[in-house]
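Observations on chain architecture
So the chains spell out like this:
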Amino acid sequence: MMGTKLNQRGPWEGTNQMADGGSLDTRTARISVEEALALHASGRPGKLETRISKPITTARDLSLAYSPGVAEPCLRIAADPALAYDYTTKGNMVAVISNGTAVLGLGNLGALASKPVMEGKVALFKRFADIDGIDLEVGTEDIDAFVGAVRYLGPGFGGINLEDIKAPECFVIEQRLRELMDIPVFHDDQHGTAIVAAAGLINACHLTGRDLRETKLVVNGAGAAAIACVELLKAMGLHPDHVILCDTKGVVYQGRQSGMNQWKSAHAANTRARTLAEALDGADVVFGLSAKGALTQDMVRQMADQPIIFAMANPDPEITPEEARAVSPKAIIATGRSDYPNQVNNVLGFPYIFRGALDVRASTINDAMKIAAAEALARLAREDVPDEVHNASAGQRLSFGPEYIIPNAFDPRLISWVAPAVAKAAIDSGVARKPMADLRRYARELSGRLDPTAGALDRMQESVRANPKRVVFAEGEEEKVVRAAVAFRNAGYGTPVLIGREDRVRTTMAGLGLGLIEGIEIHNARLSGANAKYMEFLYGRLQRRGFLARDCQRMVNQDRNVFAACMVATGDADAMVTGLTRSTQVCLEDIGHAIDPQPGGIAFGVSMLVGLRGRTLFIADSMIHFRPSAEQLAEIAIGAARTARHLGHEPRVALLSHTTFGAAMHSAAAVMAEAVEILDRRKVDFEYDGEMSPDVALEPELRALYPFCRLTGPANVLVMPGLHSAHITARLAPKMAEGSTIGPVLIGLTHPVQILPMNASVSQVVDMACLGAYQAVAR
């Protein structure tokens, strides 16, 4: 392959220094500073908005939702405060509160600067546990003032998540609020890390034949998370005399005066060791909650056989797994990074802990509930790993062992394992105000509570990162495409190949302030060394379809879509994206010169409507067939169902029409009914029925009028009678409701190709390129 590869280091390689003095490490974050700022500033600034859950359209709606109707629930709650859980959002609402004194690893930025983090935390609660939240930034560093501001918020929330408050003030604040409030108060920086680390330690001890109670532990770091780890492990039975805590001044030992406080003193060890190196002599386990390089290979050498090393400093661990295993090959290692096995990630804990606590209306989150969460995580890691999690791994079959002692953060079973365990512990320990009689049923309900699409897309992205691909961006001179290529590269998805004139591409890059970016290739179709190969390939396909050799040469030279498709078809690239500057039909015609539909199948498009009140709808065919035949409709239904299943949904396919089950037959409706008969004969393995109108497909009350209907729930795959209806629905629905569209995703070609909407954003270009890369991974 001939082309220009941009090898010079770009302005965001390595660590980016930000204006606040902190840093964004793009080696692990896979994003640029500009991308992060653009996301927060785009559209409606920030990451959150309020959604109204009840209709307020007519005057009657308003009378019911507000005055005078709102008076009735007010009176009922005044008489019985517990009814607030029935009539308001209280039972599913968490306040995420900070004063900004310890924002991420950036230090004391103040309350206002912490707001982006708190908004993000609220988003994680919703994404992983369907918990609503509000971020509250309290502008004081005074403990009494902070406690005074928060303590009176209890009536409006089901729980309080404290975040990014520095030690030792965080200990005092949390303890006082727990004493003053009758709802859970949880400082995630302390307990989230402790719970996930404890889960990993349970399994590491299991693998190495150790008894947790007798294990010798050294904790380097004495901040909020470190103290919480020590306290939780002692609550789980670890012998107090087997724990040594270290800080920047060395071992926290009994009688030490310098740099002490009451929380360190509570864990001061009776030991002669005075340095971290001395403390680690013969130790079974080390927890690093400190800084890069705090652990050395010599320290690891003097630990016990098969040492357990949790190097949790971010973004760079106290010692890398490679460095540790060089001197102790059998070490079991966890870090805080996603690019190493066994990531200690708080998102494994706090969403599900609060889910379980809220659902039993717990008055607090106690040690029993934290231990239950840790044990549930440990048990889950020992279970067989679902295929969808395997597919996102780095080409390895995941199974319980030294490289897999902590569950993957995108394991869809987390909510149904951790939350019920926390709920049961709350009931058993007497802090639940709404005990559950059937926890198994509760676990089943939780399994269906979240839309699996987001998790499936996340797993796809991780799979591509583990198996990077070469993706051709056919419209390489366009500013959006250049920006998307940089983002694609930064995300770790592979090598972007830009098709265009090198001077134009470089000018675009310069105008964006990008300079030369490592890992991006530029290919000029006219000047490419592969030109002759592509012409020969194309002529071999088209010579009996009315094309002369010079026609094929001209297409390869002048048509970037044809050139890009030839790259993919001949194996010089893995996938391609196009569509920003040409219509879908033109792109399909260009690509069809080099790439065919799969043998025995048809190509079609599936649009995914995501975020429609927690649901995803798949709409097909939204790209190719204007008026598909019955046989084509059956193929589209089968392919769309396969796509839905691949994204974690059990497909329920409705073949739509203007009429329902023969009520007002027309030739168009008859085709849909015939497609159902074809599916009957083919004995497919998913639910389907039709013809039916959209409201019958989606509304249980209307579907109940047809007791013979085969759908057991609302349809999630809608097969449209024609391209016009599919396209209109896919474009109109997100504008009329809360949600977004992914696609249409092109399915059914012999090689991965994705065609973009002409108004696609940079993020959409990146997402579609990643989908194309994933299709290449899955081939």
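Here is what the cut-offs are and how they apply
Residues numbered from 1 in each chain as written. Predicted model: local features only at pLDDT ≥ 70, side-chain atom pairs only at ≥ 80, totals over all residues. Heavy atoms only, no water. Core = buried A, V, L, I, M, F, W, Y, C linked by side-chain atoms within 4.5 Å. Buried < 20%, exposed > 50% of the residue type's maximum accessible area, 1.4 Å probe, protein only. Contact = heavy atoms within 4.5 Å. Helix = DSSP H or I, 4+ residues; strand = E, 2+ residues; numbered from the N terminus. Axes fitted to C-alpha atoms, helices over the stretch in contact; angles between N-to-C directions. Parallel < 35°, antiparallel > 145°, perpendicular 65-115°, else oblique. Left-handed = near helix turned anticlockwise from the far one by under 90°. Nonpolar A, V, L, I, M, F, W, Y, C, P; charged D, E, K, R; others polar. Salt bridge = Lys/Arg side-chain N within 4 Å of Asp/Glu carboxyl O.

Structural notes on the nonpolar core
A general tendency of soluble globular proteins is for nonpolar side chains to be buried together. Ranked by internal contacts, the top residues of the largest apolar core, which has 102 residues, are Ile-160, Leu-162, Phe-287 and Met-369. Not counting residues within four places of it along the chain, the set of residues in contact with Leu-162 comprises Ile-97, Phe-146, Ile-173, Glu-174, Leu-177, Val-185, Phe-186, His-187 and Asp-188. Judged by nonpolar contacts, the second largest core, of 65 residues, contains Val-610, Ala-644, Phe-686 and Val-719.

Side note on unusual backbone geometry
With omega at 0 degrees, the peptide bond leading from Ala-167 into Pro-168 counts as cis. Checked against the element boundaries, Pro-168 lands in the loop between strand S6 (159-162) and helix H8 (169-180). Between Asn-314 and Pro-315 the backbone carries a cis peptide bond, its omega angle lying at 5 degrees. Positive phi, close to 50 degrees, is recorded for Phe-661, a residue that is not glycine.

Remarks on the side chain of Thr-643
Along the chain, Thr-643 falls in helix H27 (residues 630-646). Since its relative accessible area comes to 17%, Thr-643 is described here as buried. Every residue in contact with Thr-643, bar those within four places of it in the chain, is listed here: Phe-618 and Ile-747.

Description of the environment of Ala-194
With respect to the element layout, Ala-194 can be found in helix H9 (residues 188-208). For Ala-194, a relative accessible area of 3% puts it in the buried group. Sequence separation of Ala-194 and Leu-233 is 39 residues, and the distance between their C-alpha atoms is 8.2 Å. Ignoring anything within four residues of it in the chain, the contact list for Ala-194 reads Ala-228, Cys-229 and Leu-232.

What to know about the packing of helix H16 (residues 367-381) against helix H18 (residues 414-428)
One way to put it is that H16 packs onto H18 with a least axis distance of 8 Å and a crossing angle of 150 degrees. Looking at the two axes, H16 sits roughly antiparallel to H18. Read as a crossing pair, H16 and H18 show a hand that is right-handed. Contact residues: H16 offers Ala-368, Met-369, Ala-372, Ala-373, Ala-376, Leu-377, Arg-379 and Leu-380, while H18 offers Leu-414, Trp-417, Val-418, Ala-421, Val-422, Ala-425 and Ala-426. The residue inventory of the contact of H16 with H18, partitioned by class, reads 14 nonpolar, no polar and one charged.

Structural notes on the pattern of salt bridges
Taken as a whole and judged by the stated rule, the model has 42 salt bridges. Residue Glu-445 pairs with Arg-441 through a salt bridge whose shortest N-O separation is 3.3 Å. Separated by four residues within a single helix, Glu-445 and Arg-441 lie in helix H19 (residues 439-447), roughly one turn from each other. Here the salt bridges share partners, and the residues they tie into one network are Lys-115, Glu-119, Asp-135 and Glu-137.

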